[in-house]
Amino acid sequence: MTQMRLQKSCILIVLAVLCISASSSAQTGTAAKPPDSQPSSPKMMSVPIQIAPGDLLEVTVFDAPELTQQVRVGSDGNVQLALIGDTKLAGLTGQEAAGVIAGELRNRKLLLHPNVNVLVKESTNQGVSLMGEVQHPGIYQILGARSLLDVISMAGGLTTVADTRVTIKHRTGKEENVTVKLKNDDPHTSLLNDIQVFPGDLVVVPRAGIVYVLGDVNKPGGFVMQDNGKITLLQALAQAGGASPTASVNRAVLLRKTDDGYTKDQLPVGKIARGQGADVELHANDIVFLPNSRLKSAMKSTESMAQSIGSASIYAIVH
């Protein structure tokens, strides 16, 4: 009887242990399940700078200050290093050049465990070239990836006649052209469209299109199409100060340049200004001409003459 009781007790203990183990395993499995994570957005990685002839290098050897030096890469791609002599480093990255110098120091038994660092202080062919409508075109040295807006700022910003569409020619790997739209009146859009440029890239800022408003307007001249390369007839007239009182607005003409010359179309400016016609989108190099109304000019001259005669009569009566 006692033996049967002992067997039942052992069975109960085993079952309790099994239940506890199963519960612990379930909890552990739940805790070990990784949370759902959002995929990270891809980032453009910087391209290592390769040493080229003419570059200025700063070579630092830790615990050996007498070997720390600045050297200029020769036209043959070699540098003259203290205690090492002529060493070819052109075509290598800074890290690879440091490995070559460290190997030479070990092979010549100058240092057992050299710790070398090579920094490109001045690079002759790894700058970003900015051309076109920037304040100061030229080559600007960057030692790694920079944003397009940063590089344009280095050149003093855009000119007043710059187009908002900027083209970047990447020279890292295969050459490719990328066109980016920047908006002067929308910083948020410009920041969203900002991309990275790398050493060796070419940035071209073209001149924006210009339309010309001539004839009987208050401020005739050429006007830049800065709104992403678009401008309408009414917008151009507004920049020209509007039509003068003597202009014949319904006899305006649009001259548009083609491969065969200029085409001529009538523009009912008066109706468009009153909302009785659709506004016209102008193209680059379009010429809008508003002629003078002879009748209005004659009436204005007569009115001025009458005012002068009236003033003279009043002056005579008073005096």
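Rules used in this analysis
Residues numbered from 1 in each chain as written. Predicted model: local features only at pLDDT ≥ 70, side-chain atom pairs only at ≥ 80, totals over all residues. Heavy atoms only, no water. Pairing = 2+ DSSP bridges. Helix = DSSP H or I, 4+ residues; strand = E, 2+ residues; numbered from the N terminus. Axes fitted to C-alpha atoms, helices over the stretch in contact; angles between N-to-C directions. Expected span 1.5 Å × (residues − 1). Buried < 20%, exposed > 50% of the residue type's maximum accessible area, 1.4 Å probe, protein only. Patch = residues over 30% accessible without salt bridge, like charges linked within 9 Å, V, L, I, M, F, W, Y side chains within 5 Å. Areas by Shrake-Rupley, 256 points an atom, 1.4 Å probe, with all protein chains shown as cover. Salt bridge = Lys/Arg side-chain N within 4 Å of Asp/Glu carboxyl O. Polar contact = N/O pair within 3.5 Å; in protein donor to acceptor, adjacent residues only side chain to side chain. Contact = heavy atoms within 4.5 Å. Core = buried A, V, L, I, M, F, W, Y, C linked by side-chain atoms within 4.5 Å.

A. Representation of the sheet that holds strand E1 (residues 56–61). Taken in spatial order, the three strands make up an open sheet running E2-E1-E5, and their pairing is antiparallel. Looking at the sheet topology across the chains shown, the edges are occupied by strand E2 (69–72) and strand E5 (116–122). Shown here is a sheet whose adjacent strand axes are inclined to one another by a mean of 25 degrees, direction ignored. Across six bridges, E1 lies against E5 in antiparallel orientation.

B. Quick look at helix H2 (residues 94–107). Relative to the 20 Å expected for 14 residues at 1.5 Å per residue, H2 spans 20 Å between its end C-alpha atoms, a close match to the ideal helical length. Gly94, Ala97, Ala98, Ile101, Ala102, Gly103 and Leu105 are the residues of H2 that are buried. After H2 finishes, the residue Lys109 shows a positive phi value of roughly 55 degrees.

C. Highlighting a nonpolar patch on the surface. The grouping of Tyr212, Leu214 and Phe289 at the surface amounts to a nonpolar patch, some 240 Å² of accessible area in total. Summarising the element assignment, Leu214 is placed in strand E13 (residues 210–215). The exposure class assigned to Leu214 is partly exposed, which follows from its relative accessible area of 34%.

D. Quick look at unusual backbone geometry. Despite not being glycine, Asp63 has its phi angle at roughly 65 degrees, a positive value. Tracing the chain through its elements places Asp63 in the loop between E1 and E2. Even without a glycine there, the phi angle at Leu83 is positive, about 65 degrees. The topology assignment puts Leu83 in the loop between strand E3 (78–81) and strand E4 (85–88). On the basis of relative accessibility, which here comes to 58%, the residue Leu83 falls in the exposed class.

E. Examining the pairing of strand E14 (residues 221–224) more closely. In this structure, E13 lies alongside E14, joined through four bridges in antiparallel fashion. In the sheet register, Val213 faces E14, and the bridge partner there is Gly221. Here E13 hands over to E14 after five residues, the two strands then running antiparallel side by side.

F. Representation of the side chain of Glu133 in the model. Position of Glu133 among the secondary structure elements: in the loop between strand E6 (127–132) and strand E7 (138–141). The class of Glu133 is buried, set by a relative accessible area of 14%. A polar contact is formed between the side chain of Glu133 and the side chain of Thr159, at a distance of 2.8 Å. Residues in contact with Glu133, not counting those within four places in the same chain, are Leu158, Thr159, Val161, Ala162, Val205, Pro206 and Arg207.

G. Quick look at the sheet that holds E13. Spatially, the five strands line up as an open sheet ordered E14-E13-E19-E16-E17, and their pairing is mixed. This sheet does not close on itself; its edge strands, each paired only once, are E14 and strand E17 (261–267). Each strand of the sheet is rotated relative to its neighbour by a mean of 25 degrees, with strand direction disregarded. Of the strand pairs in this sheet, strand E16 (residues 252–258) and E17 are connected by seven bridges, and their pairing is antiparallel. If you follow Lys257 over to E17, its bridge partner there is Tyr262.

H. A look at the pattern of salt bridges. Tallied over the full model, the rule gives five salt bridges. For Arg108, the salt bridge goes to Glu104, with nearest N and O atoms at 3.2 Å. Taking relative accessible area as the criterion, Arg108 reaches 42% and is therefore assigned partly exposed. Between Asp286 and Arg256 there is a salt bridge, and its shortest N-O distance comes to 2.7 Å. Placement of the pair is Asp286 in the loop between strand E18 (281–282) and strand E19 (287–290) and Arg256 in strand E16, with a sequence separation of 30 residues.

I. A look at the nonpolar core. Core analysis: the largest hydrophobic core is formed by 20 residues, its most contacted members being Ile51, Leu57, Ile101, Val116 and Val118. At the level of elements, E1, E3, H2 and E5 are the ones that each hand at least two residues to this core. Per-element tally for this core: the top contributor is H2, with five residues. In this view, Ile51 contacts Leu57, Val73, Leu89, Ala90, Gly91, Leu92, Thr93, Ala97, Val118 and Val120; residues no more than four positions away in its chain are not counted.

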